[in-house]
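Descriptive structure summary
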Amino acid sequence: MLAYTYVSPGNFQLLDKPKPTLLHPRDAIVRVTLGSICTSDLHIKHGSVPRAVPGITVGHEMVGIVEDVGAQVTSVHPGDRVTVNVETFCGECFFCRNGWVNNCTDPNGGWALGCRIDGGQAEYVRVPYADQGLNRIPHSVTDEQALFVGDVLATGYWAGDISRIKAEDTVLILGAGPTGLCTLQCVRLKNPKRIIVCDRDPSRLDFVRRHYPDTLTAAPEGLEAFVRSNSDHGGADVVLEVAGAPETFRLAWACARPNAVVTIVALYGGPQLLPLPDMYGKNLTFQTGGVDGCHCAQTLELIVQGKIDTTPLITHRFPLRQIEEAYRIFEHRLDGVIKVAVDCT
Ligand SMILES: [Zn+2]
Ligand SMILES: [Zn+2]
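Residue numbering note: each chain is counted from 1, following its sequence as written. Starting at A for chains and at 1 for ligands, labels are handed out in the order in which the entities are written. A pLDDT threshold of at least 70 governs which residues receive local features in this predicted model, and a stricter bar of 80 or more applies before side-chain atom pairs are shown or counted, although totals over entire chains, interfaces and linings include all residues.

So, about the overall build of the protein chain. Summing up its helical and strand segments, the protein chain has 11 helices and 17 strands in all. Just to be clear, the radius of gyration here is over C-alpha atoms, and the globule rule we use is 2.2 Å times residues to the power 0.38. In summary, the protein chain has a C-alpha radius of gyration of 20 Å against a globular reference of 20 Å for 345 residues, a match within 12%. In terms of overall dimensions, the protein chain has C-alpha extents of about 60 × 40 × 40 Å along its principal axes. Here a residue counts as buried when 20 or more other C-beta atoms sit within 10 Å of its C-beta, as exposed when there are 12 or fewer, and as partly exposed otherwise, the C-beta atoms being derived from the backbone. With 345 residues in all, the protein chain has 48% of them scored as buried. In this description, a residue-residue contact is defined by the distance between C-beta atoms placed from the backbone, which must lie within 7 Å. For the protein chain, contacts bridging at least 24 residues in sequence account for 70% of all contacts bridging at least 6. Runs of E in the DSSP output that reach at least two residues are strands. Runs of H or I that reach at least four are helices, and both are numbered from the N terminus.

Here the focus is the pairing of strand β4 (residues 62-69). Only strands that DSSP links by at least two bridges are regarded as paired with each other. In this structure, strand β3 (residues 28-36) lies alongside β4, joined through 7 bridges in antiparallel fashion. For Gly 35, the partnering residue across the bridge sits in β4 and is Met 62. As judged from the 4 bridges shared by β4 and strand β5 (residues 81-84), these two strands associate in the antiparallel manner. Paired with Ile 65 across the strands is Arg 81, a residue of β5.

Here we come to the environment of Arg 250. Relative to the elements of secondary structure, Arg 250 occurs in helix α9 (residues 246-254). Look at Arg 250 and you get partly exposed, because 18 C-beta atoms sit within 10 Å. Along the chain, Arg 250 and Leu 274 lie 24 residues apart, while their C-alpha atoms are 8.1 Å from each other.

For the rest of this paragraph, the subject is the domain arrangement of the protein chain. As assigned here, the protein chain comprises domain 1 (2-151 + 292-343) and domain 2 (156-287). For the purposes of this description, domain bounds are those given by an automatic or database domain assignment. For domain 1 and domain 2, the distance between their C-alpha centres works out to 27 Å. Facing 16 residues of domain 1, the contacting portion of domain 2 comprises 11 residues.

The buried fraction of strand β17 (residues 339-343) amounts to 4 of the 5 residues, a majority that puts the element mostly inside the structure. Alignment of β3 against β17, held across 3 bridges, turns out to be antiparallel. Its bridge partner being in β17, Gly 35 is matched across the sheet by Val 342. The sheet contact formed by strand β16 (residues 314-319) and β17 spans 5 bridges and is parallel. The residue of β17 that forms the bridge with Ile 314 is Lys 339. Throughout, right-handed denotes a crossover for which the path from the first strand over the helix to the second runs clockwise when the strands point away from the viewer. Between the parallel pair β16 and β17, the chain is carried across by helix α11 (residues 323-331), and the sense of this crossover is right-handed.

Glancing now at helix α10 (residues 296-304). Of all the residues in α10, the buried ones are Cys 296, Thr 299, Leu 300 and Ile 303. End-on, the buried residues of α10 take up no more than an arc of 100 degrees, which puts them together on one face. Next to the buried residues of α10 lie β5, β9 (134-136), α4 (143-146) and α5 (152-162). Just past α10, the residue Gly 306 takes up positive phi, approximately 80 degrees. Arc, as used here, means the arc of the directions from the helix axis to the C-beta atoms.

Turning to the sheet that holds strand β10 (residues 170-174), a few remarks are in order. The 6 strands are arranged β12-β11-β10-β13-β14-β15 in an open sheet whose pairing can be described as parallel. Where the open sheet ends on each side, the last strands, each with one partner, are β12 (216-218) and β15 (285-287). Averaged over neighbouring strand pairs, the angle between their axes works out to 20 degrees when direction is ignored. With 3 bridges joining them, strand β14 (residues 256-264) and β15 adopt parallel strand pairing. Bridged to Val 262 within β15 is Phe 286. Helix axes are fitted only over the stretch in contact, all axes being lines through C-alpha atoms; the angle between N-to-C directions runs from 0 to 180 degrees.

The subject of this paragraph is the environment of His 233. Inspection of the secondary structure assignment puts His 233 in the loop between α8 (223-229) and β13 (236-241). We classify His 233 as partly exposed; it has 14 C-beta atoms within 10 Å. Remark: the alpha-carbon pair of His 233 and Arg 257, spanning 24 residues in sequence, is separated by 6.6 Å.

What follows concerns the nonpolar core. A set of buried residues drawn from Ala, Val, Leu, Ile, Met, Phe, Trp, Tyr and Cys, joined through C-beta atoms within 7 Å, is what defines a nonpolar core. Grouped together as the largest cluster of nonpolar side chains are 102 residues, with contacts concentrated most on Ala 28, Val 30, Leu 172, Ile 173, Leu 174 and Val 239. With 6 residues, α5 is the single largest residue contributor to this core. Counting only domains with at least three residues in this core, you end up with domain 1 (2-151 + 292-343) and domain 2 (156-287).

This part covers α9. When we look at burial in α9, the residues that qualify are Thr 248, Phe 249, Leu 251 and Ala 252. Down the axis of α9, the buried side of the element spans an arc of 165 degrees, and every buried residue falls inside it. Buried residues along α9 sit in contact with β10, α8, β13 and β14.

We now examine the packing of α5 against helix α6 (residues 178-188). With their axes 8 Å apart at the nearest point, α5 and α6 run at an angle of 45 degrees to one another. Classified by the angle between their axes, α5 and α6 sit oblique to one another. In this structure, α5 crosses over α6, and the sense of that crossing is right-handed. Contacts between α5 and α6 pair Val 152, Leu 153, Thr 155, Gly 156, Tyr 157, Ala 159 and Gly 160 from the former with Pro 178, Thr 179, Cys 182, Thr 183, Gln 185, Cys 186 and Val 187 from the latter. Under this grouping Gly is polar, as are all residues other than the nonpolar Ala, Val, Leu, Ile, Met, Phe, Trp, Tyr, Cys and Pro and the charged Asp, Glu, Lys and Arg. The residue inventory of the contact of α5 with α6, partitioned by class, reads 8 nonpolar, 6 polar and no charged. In what follows, roughly perpendicular refers to angles from 65 to 115 degrees, roughly parallel to angles under 35, roughly antiparallel to angles over 145, and oblique to any angle outside these ranges. Definitions for this section: a left-handed crossing has its near helix turned counterclockwise from the far helix by less than a right angle. A right-handed crossing has that turn clockwise.

Below is the structure:
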């Protein structure tokens, strides 16, 4: 089968590999129908994910059809159309029982697919702990509607859920890339008084205004003053930092009002400066990143109800054979791309 592979830093190749087989009674084999490319794949390509294992098939955003299941798998059956969760988790350890599945203590717990074990930019993928990692897609939901449920949308849902958003709040979202836009949809479910989205790319702010006209948009320049004059208590009540740059990390705490919640959603390429003397007395609550992606059934239900729709994020479509070109467009942000759907059939 064809599998897009992390050969060495800077070098991904579409290789012919053997089809995966069941290795454990809790595994499932999924025939991938649609996959996507995530910024984290680019982080692997450029060597900023030290845990990534050369030789693995990349890709951790996908939907497909269950082909085979191990003897202990009970929740899905061959023929089921499913979302695949980016995270591998046992469902039984201390962290899983608390819903902190990102920190599952299994040796492959957390982000393993397409990083430490073979992922899904391929025709088939083996999914460990299939009862946890797969969710059946309702009949009324298309593959494109479900494509982001296991990764970027899971991240947006998690971020919105842990940020303690209240009806009177002004919420600032830094970054309007794919994860920022999923975060925006999930923050909207909480009905805060105001949402401000900041991005330096005018076309992304334009996208936000077109799809969510009640959302305020702003560029990073002058953002602190903009947030002060568009909030009730001298700054944002809740900030979600989704962009992942040193400047956006600074803006996250600088735009927050005293006693605000600052949720770090982004994955940074390096350490960030936390100038504690400058923020003394602000009494901020920081939450550091790492999606607990165990609410896929809820997000699928929200898609059924029409409350979440991430299909406008899919701006480009390619067959698996042309995945090099899909990467080129996604990586260099060409042609107005937001997300790419890769047909793996
Ligand atoms: Zn991802
Ligand atoms: Zn666990």
